[in-house]
Amino acid sequence: MHFLHRLAARRWLWFSILVGVALLLVPPPPGLTPAGMRALDILIVAVILFITEPIPLPAVALLIAVLQAFFALASPDEIARSFMSDSVFFIMGSLMISVAIVKQRLDRRIAFAIFRLSGPRLGRLAFGITAVSALLASFIGEHTVAAMMLPVVLAIVGLVQRDHPQVRGLAAVLIFSVAYGAQIAGVGTPSGGARNAIMLDYWRSLFGIHVGYLDWMKYAYPMVLLQIPVVPWLLLHTFRPEVHDLRRALARLRGQVRRSGPMSLAEWQTIGIFLLVLLGWITLSGRYGLGIVALLGASLYLVTGLVKWEDLNSGVNWGVIWLYAAAISLGLRLQQTGVASWLAQTFLGVLTPLGLAHGVGLLLAIVLLMLILTNMMSTGAAVAVLGPITLHMAKLAGTSILDAGFVTAIASGFGYLVIASTPAGMIAYSSGLLRPSDYLRAGARLALASVIILMALVTLYWPLFGPTH
Amino acid sequence: MRKLLIPISYLPSCQQALEFGARLSISSGASLTVLHVAPVVKNAPLGHKLSGEKLAEWGVEPAYFQLLRQAEAKLNALGLFPHDTQGRPRAKHALKVLHKGLYEVHLIGSQGQAVRLRVSEGRPVPEILREADDPTYDLIITGTRGHRGLRRFLLGSVAQEVAYGAPCSVLVAKGLRTDQPVLVGATGRLTSLEAVRQAGELAAALGTRITVLAIAPSAEERKEAEDHAETALGVLAEMGLGADVAIREGEPAEVMLQEAGQEHILVLGRLERSRVKRYFLGDISLRTLERSSGSVLITTYPRPLGEEPTPVGPILT
């Protein structure tokens, strides 16, 4: 009885299998080897599965490994090696550090610090929340800040609701202040998000370009700073909050969550270890790699007993790490088999008549491509899949590979429109206070603003660093 | 009616469904399950247990918790639970822990019926159908977003898919009220007689009027339509119910929709087809549901355990 229902529910899985088999039977187009055709086949099937998600994404990751072996693209050892790299260590280590930080009750300190600085008026509070979320997220990762700060604003909304039952506008402003605040900052430093580590990996392994922690910040951090004031301004104008004075709610919150005295030793240790890791990333990553430093931090948290392994085990979604590992492995295979440059050439062929095939025009085209893709699938997967292609496009067009990489990584964070495109978006939606259309209303405006700011940086700011790779 | 299932979400029509179900349960003593399917946060780098812990630290309840509490308050306000002499609710609570850290609340209604409020996590349609697999359910009352055309095609409709896949009758609420008259189509088939019987049961429980509508596709078939109406009246008379009769000519689905409007609860029998046949051949009742602007009850032919499905006549669609 349920067979057809299942069949219909899995229609995208069947579709992807059909496409996969069909592409195996088609002769490769000119310029592509048979091995390249098989790698392209894996890429297309993986993208369909990433977007439509008929099976759990970690399962797609496992299949990427299996298919590489079955299609004779590499030996099992080579496949295993391509799954694991310093970038994957970095993603793993950063997530473990995230769990250790979230486990502490630092969110309480941060929240009360924001309240003290910004006062009870909604406009200033939204700005304060956005700014603090963004500054923190740029170093400790957007998912960490979303997990820490969303409960704070949800608690505020809940307390305001006691006096004013209808506060959808207020809820949207506060929730998006955290979600978008964290999201705009994920690109600020390499440790802000996994996609940055993937881009660093591609620069190094595909083109031999080494970019340090501070070099990254020099290019990308102004993006964070310029977007901070835009977010609260747009939110206040989009959602028209019903309540502006939050004095009573904040007073209640203080009463409810009692002050736990001065900072505890554990809290100082947590901050201390993170600062040590940050220092390591800035000074030692050229020698030891970002990943090893992150693993050092994670082991310090375990050694000092600030976090238990059981917490790390349940707090980190290891499936996401598999996903990134698989995407990086696939990206390397696309490069090896010549698919990346073939696809880059094809795309450039399309862009040439539009006058977007080199320089700023090409970068704008990449931004728009990423904007579409990142709203359809996971941010990290979008960078992992498109990274090798956009970098090759830049190389073929004689445009800076560094600029193209930054533009790819930064624009991948513009997934404001769809709930599922970012972790912060999903956690915010699970609060039940937002509708999908809220994401479209606020997200479309913010996406436009972000594209403009990014293109301003590309044309006015990055040229100051002189000609690069 | 023995047991009702009311899947709820944040839609206004779900509140209509809840209120309707509560009144039905009060008047018929049917057991009631209120189910909310909460979405799961997938593919976040940090496990969702961790963010759950943080929310608990700040005293923020999961959104579904509030929804179910409002539902319980609503059921109480409608008088589903017994009150003591001072007018305080005397509902008995029992918590049952489910897997994944969820739990459900059990209460006892004023007529001794079981009332359950439960949450499950996942995608709505499979979860609702899994719950409905319990053979003691005989009616699902569900709200709907009411999208049509392209939006329905793109977004799908939970109500539609539940009506399509459920093993029991399904009432889809669009402006549903308990004082609405019931309109039932009589086609002379066994499924139609079952629809008439369930329509009668519904009208009796609600205390509202019932109209039997027989449609003749052409003037020559008018006599046949009158016979079908007569048979339907007979079924209702056996239940001790009187009914109005309307005989119309025209294309059955069109006439039915027109006559029902938004005023009536339209009752239609679903053909007893296997899912395979339904998938390929479709079903007039499900297609009518898609186009209706008012509430529609799609009834199934109850299949007693161990018996083969009753063969039905030719398909008219």
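All residue numbers refer to position in the chain's written sequence, counted from 1. Chains and ligands are labelled by the order in which they are written, letters from A for the one and numbers from 1 for the other. Only residues with pLDDT of at least 70 are given local features in this predicted model, and only at 80 or more are side-chain atom pairs given and counted; all residues enter the totals for whole chains, interfaces and linings. Calculation of side-chain values draws on the structure's entire complement of heavy atoms; hydrogens and water are dropped beforehand.

Undergrad: I'd like a rundown of the overall build of chain B, residues and numbers included.
TA: Runs of H or I in DSSP of at least four residues are treated as helices and runs of E of at least two as strands, each being numbered from the N terminus. Within chain B, the secondary structure is distributed over eleven helices and twelve strands. Residue burial is assigned from relative accessible area. The probe radius is 1.4 Å, only protein chains are included, and a residue is buried under 20% of its type maximum, exposed over 50%, and partly exposed in between. Evaluated residue by residue, chain B yields a buried proportion of 48% over its 317 residues. Contacts are assigned to residue pairs that have any heavy atoms within 4.5 Å of one another. Long-range pairs, those at least 24 residues apart, make up 75% of the contacts in chain B with a sequence separation of at least 6. Total accessible area computed for chain B in this model is approximately 14900 Å², and 55% of it derives from carbon and sulfur atoms. Areas reported here follow the Shrake-Rupley algorithm with a probe of radius 1.4 Å; residue values treat only the protein chains shown as occluding.

Undergrad: Residues and numbers for the overall build of chain A, please.
TA: From N to C terminus, chain A includes 22 helices and zero strands. In chain A, which comprises 469 residues, the share counted as buried stands at 59%. For chain A, the proportion of contacts with a sequence separation of at least 24, taken over those separated by at least 6, is 81%. Surface summary for chain A: the accessible area is close to 18500 Å², and the carbon and sulfur share equals 68%.

Undergrad: Which residues make up the environment of Ala65(A), and what values go with them?
TA: When you line up the elements, Ala65(A) lands in helix α4 (residues 57-70). Along the primary structure Ala65(A) and Ala80(A) are separated by 15 residues, whereas in three dimensions their C-alpha atoms are 7.9 Å apart.

Undergrad: Outline helix α20 (residues 401-411) of chain A, listing residues and values.
TA: Residue and element names in this part refer to chain A. Counting buried residues in α20 gives eleven out of eleven residues, a clear majority hidden from the surface. The complete set of buried residues in α20 reads Ile401, Leu402, Asp403, Ala404, Gly405, Phe406, Val407, Thr408, Ala409, Ile410 and Ala411. Looking at the buried residues of α20, the elements they touch are α11 (194-207), α12 (213-239), α18 (359-374), α19 (379-397) and α22 (436-461). One side-chain oxygen at the N-terminal end of α20 lies 3.2 Å from the backbone nitrogen of leucine 402; it belongs to serine 400. Think of a polar contact as two N or O atoms within 3.5 Å of one another; within protein, one of them needs to be a possible hydrogen donor and the other a possible acceptor, and neighboring residues in sequence only count if both atoms come from side chains.

Undergrad: Account for helix α2 (residues 48-57) of chain B, naming residues and giving values.
TA: The set of residues buried in α2(B) consists of Leu50(B), Ser51(B) and Lys54(B). For α2(B), the arc enclosing every buried residue in end-on projection is 95°, short of the 170-degree limit, so these residues lie on one face. Looking at α2(B), the residues exposed on the side facing more than 90 degrees away from the buried face are Lys49(B) and Ala56(B). Where α2(B) is buried, its residues meet α6 (86-103), α7 (106-118), α9 (142-163) and α15 (309-315) of chain A. One or two steps after α2(B), the chain reaches Gly59(B), where phi turns positive at roughly 70°. Regarding the arc, it is the one traced by the directions from the helix axis to the C-beta atoms.

Undergrad: Describe the nonpolar core, and please don't skip the residues or the numbers.
TA: Nonpolar core, defined: a set of buried Ala, Val, Leu, Ile, Met, Phe, Trp, Tyr and Cys residues in which side-chain atoms within 4.5 Å join the residues together. Grouped together as the largest cluster of nonpolar side chains are 192 residues, with contacts concentrated most on Phe50(A), Trp203(A), Trp216(A), Trp281(A) and Phe414(A). Not counting residues within four places of it along the chain, the set of residues in contact with Trp203(A) comprises Gly208(A), Ile209(A), Val211(A), Trp216(A), Leu391(A), Ile401(A), Leu402(A), Gly405(A) and Phe406(A). Core analysis: the next-biggest nonpolar cluster, separate from the first, contains 53 residues, Leu4(B), Ala71(B), Val119(B) and Leu297(B) among them.

Undergrad: Describe the interface of chain B and chain A, listing the residues and the values that go with them.
TA: In this complex, chain B contributes 25 residues to the contact, which on the side of chain A involves 39 residues. Two parts placed together each lose some accessible area; with a 1.4 Å probe, that loss summed over both constitutes the buried area. Buried area between chain B and chain A, both sides added, is near 3100 Å², and the carbon and sulfur share of it is 65%. Any Lys or Arg side-chain nitrogen found within 4 Å of a carboxyl oxygen on Asp or Glu counts as a salt bridge. Summed over the shared surface of chain B and chain A, the number is one salt bridge. One salt bridge connects Lys54(B) with Asp107(A), and the closest N-O pair in it is separated by 3.0 Å. Put simply, chain B and chain A have four residue pairs in polar contact (both at pLDDT 80 or more) between them. For the side of chain B that touches chain A, the elements supplying multiple residues, two or more each, are α2, α3 (63-77), α4 (124-132) and α10 (275-281) of chain B. Broken down by element, the side of chain B that touches chain A gets its largest block of residues, six residues, from α2(B). Amino acids outside the nonpolar list (Ala, Val, Leu, Ile, Met, Phe, Trp, Tyr, Cys, Pro) and the charged list (Asp, Glu, Lys, Arg) are all regarded as polar, and Gly is one of them. Grouping the constituent residues of the side of chain B that touches chain A by class yields 14 nonpolar, three polar and eight charged.

Undergrad: So what's going on with the packing of aromatic side chains? Residues and values would help.
TA: Here the aromatic set is Phe, Tyr and Trp, taking the six-membered ring for Trp, and pairing holds for ring centres within 6.5 Å; pairs whose planes are under 30 degrees apart are stacked, those over 60 apart are edge-to-face, and all others are tilted. Counted under the stated rule, the structure contains 21 aromatic pairs over all chains. Its guanidinium or amino end placed over the ring of Trp58(B), Arg108(A) lies 5.9 Å from that ring's centre, counting from NZ or CZ. For a lysine, the NZ atom is tested; for an arginine, the CZ atom; a charge sits over a ring if that atom is within 6 Å of the ring centre and within 35 degrees of the ring normal. The aromatic ring of Phe465(A) is capped on one face by Lys218(A), whose charged end is 4.8 Å from the ring centroid.

Undergrad: Account for the confidence of the model for chain B, with residues named and values stated.
TA: Residue and element names in this part refer to chain B. Residue-level confidence of the predictor, termed pLDDT, takes values from 0 up to 100. Scored by pLDDT, chain B has a mean of 80; 82% of the residues are at 70 or more. When mean pLDDT is compared element by element in chain B, strand β1 (residues 3-7) scores highest at 92, while helix α5 (residues 149-155) scores lowest at 54. Low confidence marks residues 303-317, where pLDDT is under 50. Its contacts with residues over four positions away, or in another chain, come to 14 contacts.

Undergrad: Which residues make up the pairing of strand β9 (residues 210-216) of chain B, and what are the values?
TA: Residues and elements named next belong to chain B. The buried fraction of β9 amounts to seven of the seven residues, a majority that puts the element mostly inside the structure. Burial of the side chains of β9 extends over both faces: Ile210, Val212, Ala214 and Ala216 are buried on one face and Thr211, Leu213 and Ile215 on the other. The rule for pairing is simple: two strands pair if DSSP sees at least two bridges between them. Examined bridge by bridge, strand β8 (residues 182-186) and β9 share five bridges and lie parallel to one another. The partner of glycine 185 across the bridge, within β9, is leucine 213. Judged from the six bridges that link them, β9 and strand β10 (residues 244-249) form a sheet pairing that is parallel. Counted as the bridge partner of threonine 211 is aspartate 244 from β10. For the handedness criterion, the β-α-β arrangement of β9, helix α8 (residues 222-238) and β10 is classed as right-handed. Seen with the strands pointing away from the viewer, any crossover whose path from the first strand over the helix to the second strand runs clockwise is right-handed.

Undergrad: Any details on the pattern of salt bridges? Residues and values, ideally.
TA: With the rule as written, the count across this model stands at 24 salt bridges over all chains. Measuring nitrogen to oxygen at the nearest pair gives 2.7 Å for the salt bridge that ties Glu127(B) to Arg130(B). In this pair, Glu127(B) and Arg130(B) are both assigned in helix α4, three residues apart and thus about one turn of the helix distant. What makes Glu127(B) buried here is its relative accessible area of 13%. Among the charged side chains, a salt-bridge network with shared partners connects Arg168(A), Asp438(A) and Arg441(A).

Undergrad: Describe in detail the side chain of Asn375(A), supporting the description with residues and values.
TA: Residues and elements named next belong to chain A. If you trace the backbone, asparagine 375 turns up in the loop between α18 and α19. Residue classification places asparagine 375 among the buried residues on the basis of a relative accessible area of 12%. A distance of 3.4 Å separates the side chain of asparagine 375 from the backbone oxygen of phenylalanine 414, its partner in a polar contact. At 3.5 Å, the side chain of asparagine 375 forms a polar contact with the backbone nitrogen of tyrosine 416.

Undergrad: Tell me what's going on with the packing of helix α8 (residues 122-140) of chain A against α9(A), and back it up with residues and numbers.
TA: Residue and element names in this part refer to chain A. Taken N-terminus to C-terminus, the directions of α8 and α9 make an angle of 150°; their axes are 8 Å apart at the nearest point. The angle between the axes of α8 and α9 places the two elements in the roughly antiparallel class. Between α8 and α9 the crossing geometry is right-handed. Residues Ile129, Ser133, Leu136, Ala137 and Ile140 of α8 touch α9, and the partners they reach there are Glu142, Thr144, Val145, Met149 and Val153. The residue inventory of the contact of α8 with α9, partitioned by class, reads seven nonpolar, two polar and one charged. Only C-alpha atoms enter the line fits that serve as axes; for helices the fit covers just the stretch in contact. Angles between N-to-C directions range over 0 to 180 degrees. Any angle that is under 35 degrees is reported as roughly parallel, and any over 145 degrees as roughly antiparallel; angles of 65 to 115 degrees are reported as roughly perpendicular and all others as oblique. Crossing chirality is assigned from the near helix's rotation relative to the far helix, an anticlockwise turn below a right angle marking it left-handed and a clockwise turn marking it right-handed.

Undergrad: I'd like a rundown of the environment of Thr283(A), residues and numbers included.
TA: Residue and element names in this part refer to chain A. Summarising the element assignment, threonine 283 is placed in helix α14 (residues 265-303). Put simply, threonine 283 and leucine 214 are 69 residues apart on the chain and 9.0 Å apart in space, counted from C-alpha to C-alpha. Separated by 2.8 Å, the side chain of threonine 283 and the backbone oxygen of leucine 279 make a polar contact.

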